[in-house]
Amino acid sequence: MHNFLKVWVNSPIFLGTTFAIATFTPILTPGLATAAQPDSKALIEDLTQDSQTSITLSRIAQNSENNLGIKLDSQQDSQQKPNISSPEKLAQADKKQVISQVTSVSQLSDVQPTDWAFVALQSLVERYGCIAGYPNGTYRGNRALTRYEFAAGLNACLDRVNELIATATADIVSQQDLATLERLQSEFSAELATLRGRVDALEARTAELEANQFSTTTKLQGEVAFTFAGADGDDVDTEFVFNDRIRLQLVSSFTGKDKLFTRLTAGNIGNSFATEIGTNEGRFAHDGPDGNDIVLDRLHYVFPLGDNLKVTTMASLGAHHFYADVFNSGLNTGGGATGALSRFAERNPIYRLGIARSTTGVGFSYKLGDAIKVEGGYLAKNGSDPDEKAGLFNGNYSALGQIVFQPVKKFKLGLTYVNGYDPGDGTFAFGGTGTDFANNLLPGTEERQIISNSYGVQAQLDLSSKFSIRGWGSYTDVDFNGGGDAEIWNYAVAFVFPDLGKKGSLAAIIAGAEPYAGDISPRPADFENDTPIHIEALYRYPINDNISITPGIIWLQSRDQNEDNEDVFIGALRTTFTF
């Protein structure tokens, strides 16, 4: 008996379900159920001594519904939710089930003595106590029954007969009955063997996958982007280009809650059309690598400290957006090729202060409650360089503090402050966005130290699952330690349409002004403070789960904050492969 049950119970798909049907459940499927079991406590005690049969009722219910297609009655299913592991509790549960079970075929309202199967059903219910129908007094004998369901019911009866024999009640079992059951068992041996074969095949396949998987702790995330693009303007001379950018990122976890990011990047996209149009405005979000040389551009380790604090350490390519909320989900992909077309449309450029491949630093995010979160971090652009005017504390740095308010799920607001320092080596920059006057704050020929204080506000309002409004604005006050100052502005609004036309798609319109110098003192001779306008439209369309195409256009007015410069249009068709 034990060996027979072990074979059935050890199968998580069918055989454990059969055990549940035979021992615990008054309902098998519509038309099949087990009836009261007079000596179930003894059987339960015997079975629970074997570790192979220690199965909780909730696990059994899941297996029976999910893997066999056998749906339990809702009332009975709710009775099986609690985990009952001790024999005494199992016996009590079995006793409670008996109250609603039938013990005579006459109790079944939809079974009549004239039914052709009445005698057989009477024998099963009254002599053997199996396949007894539903607790509401119906049998539902006219519904369709699969061969697998019948095999399960047959096995329930076989278990009941074996139990009667084992408990010295074999006198109620005739030789004719045993012969009939043996014949039925033989008839359905093919189905039972098929189920065992399926289980064996699944176990073999699982073992093969485990033996040949890449890593038990590491996942590979890949992204490849092909971009066909061109720029056009009256005073811009460019050609159409076809570029590539590849990212291979390894995400490892050692505790299940931490993540180690190791990313390799290559490509030939360079700085987009910045050289040709004379400004960083309009640079693509996924540009940067050149020559298709492979570089390690991200090495981060993220781990929790307690329930509310998450820490991000950055040994390469440190940036504030890796740990802080930037209020632009879907468009901000960290320089990826699935979000916004341009760097400016990804997020407020003050998050880009201090970003470089050589940047190191640390950041944190702490939840004060359900509605408030505090974030902060420190970045050193040349933190790994021990030379003068470098290192963690004597070179370029930026320190961020941010408070995030999210009173409701669909709305959040952030207040951001960034303090920065540049030792006078020209490393002050907004991460490849904005005009030359906003980035090259070294007027004249004299080298000057730069101290900056940036203030930003940004928000995201999701009006529905298919429409969202985002916006930001920031002001940077710059003090030249050698004399002089400057002020830098930037702002934008974005209208985002997720799942437009197809699930997984994303349409967006972004308009604003990239970082520009409103004033510089002393003022350079060629300084202009016209407001540069950036207008961008894009539509990401998923071909399938792994391929998407993104046509888009960027319109630059008064580029490099000079209205005398002609408008420039940058068009692109980006194809992205993810795996």
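Criteria and thresholds
- Per chain, residues are indexed from 1 in the order of the written sequence.
- Since the coordinates come from a predicted model, pLDDT governs what is reported: local features require at least 70, and pairs of side-chain atoms require 80 or more to be given and counted, while whole-chain, interface and lining totals use all residues.
- To obtain the side-chain values, all non-hydrogen atoms of the structure were included, while hydrogens and water were left out.
- Surface patches are defined over residues having more than 30% relative accessible area and no salt bridge, joining like charges when they lie within 9 Å and nonpolar side chains (Val, Leu, Ile, Met, Phe, Trp, Tyr) when within 5 Å.
- In these tables, accessible area is a Shrake-Rupley quantity obtained with a 1.4 Å probe, and a residue counts as shielded only by the protein chains included in the view.
- We count a salt bridge whenever a side-chain nitrogen from Lys or Arg sits within 4 Å of a carboxyl oxygen from Asp or Glu.
- Only DSSP runs of H or I covering at least 4 residues are called helices, and only runs of E covering at least 2 are called strands; the numbering of each starts at the N terminus.
- Under the scheme applied here, a residue whose accessible area is under 20% of the maximum for its type counts as buried, over 50% as exposed, and between as partly exposed, the area being computed with a 1.4 Å probe on protein chains only.
- Throughout this description, a polar contact denotes any pair of N or O atoms lying within 3.5 Å of each other; where both atoms belong to protein, one of them has to be capable of donating a hydrogen while the other can accept it, and for residues adjacent in sequence the pair is counted only when both atoms sit in side chains.
- Whether two residues touch is decided by their heavy atoms; if any such pair falls within 4.5 Å, the residues are in contact.
- In this analysis, strands are considered paired if DSSP registers two or more bridges between them.
- We count Lys and Arg on the positive side and Asp and Glu on the negative side, and we leave His and both chain ends out.
- By convention, the charge on Lys lies at NZ, on Arg at CZ, on Asp at CG and on Glu at CD.

A. Representation of a nonpolar patch on the surface within the structure. A cluster of nonpolar side chains, contributed by Phe-364, Tyr-366, Leu-368, Ile-372, Ile-403, Phe-405, Leu-415 and Val-457, occupies part of the molecular surface with about 640 Å² of accessible area. Relative to the helices and strands, Ile-403 resides in strand 8 (residues 397-408). On the basis of relative accessibility, which here comes to 36%, the residue Ile-403 falls in the partly exposed class.

B. Looking closely at the side chain of Thr-227. In this fold, Thr-227 is placed in strand 1 (residues 218-232). At a separation of 2.9 Å, a polar atom in the side chain of Thr-227 contacts the side chain of His-286. Ignoring sequence-local partners within four residues, the contact set of Thr-227 consists of Val-241, Phe-242, Asn-243, Phe-284, His-286, Ala-572, Leu-573 and Arg-574.

C. Representation of the pattern of salt bridges in the model. The final tally for this structure, using the stated rule, is eleven salt bridges. The salt bridge involving Asp-297 is made with Arg-263; its shortest N-O contact spans 3.1 Å. Here the residue Asp-297 occupies a position in strand 4 (residues 295-305), and Arg-263 occupies one in strand 3 (residues 259-267), the gap between them amounting to 34 residues. Exposure remark for Asp-297: the relative accessible area of 7% places this residue in the buried category. The class of Arg-263 is buried, set by a relative accessible area of 4%.

D. Looking closely at the pairing of strand 16 (residues 568-578). Here strand 1 pairs with strand 16 via ten bridges, running antiparallel. Looking across to strand 16, one finds that Glu-223 is bridged to Thr-578.

E. The arrangement of a negative patch on the surface in detail. The grouping of Asp-232, Asp-234, Asp-526, Glu-528, Glu-563, Asp-564 and Glu-566 at the surface amounts to a negative patch. Examined against the element boundaries, Glu-528 turns out to sit in the loop between strand 13 (506-521) and strand 14 (533-542). Looking at Glu-528, the relative accessible area reads 32%, which means it is partly exposed.

F. Summary view of the environment of Glu-566. Of note, Glu-566 is situated in the loop between strand 15 (547-557) and strand 16. Judged by relative accessible area, Glu-566 falls into the partly exposed class, the value being 37%. Considered as a pair, Glu-566 and Gly-233 are 333 residues apart in the sequence and their alpha carbons are 6.5 Å apart. Each residue touching Glu-566, except ones within four places of it in the same chain, is listed here: Asp-234, Asp-235 and Arg-559.

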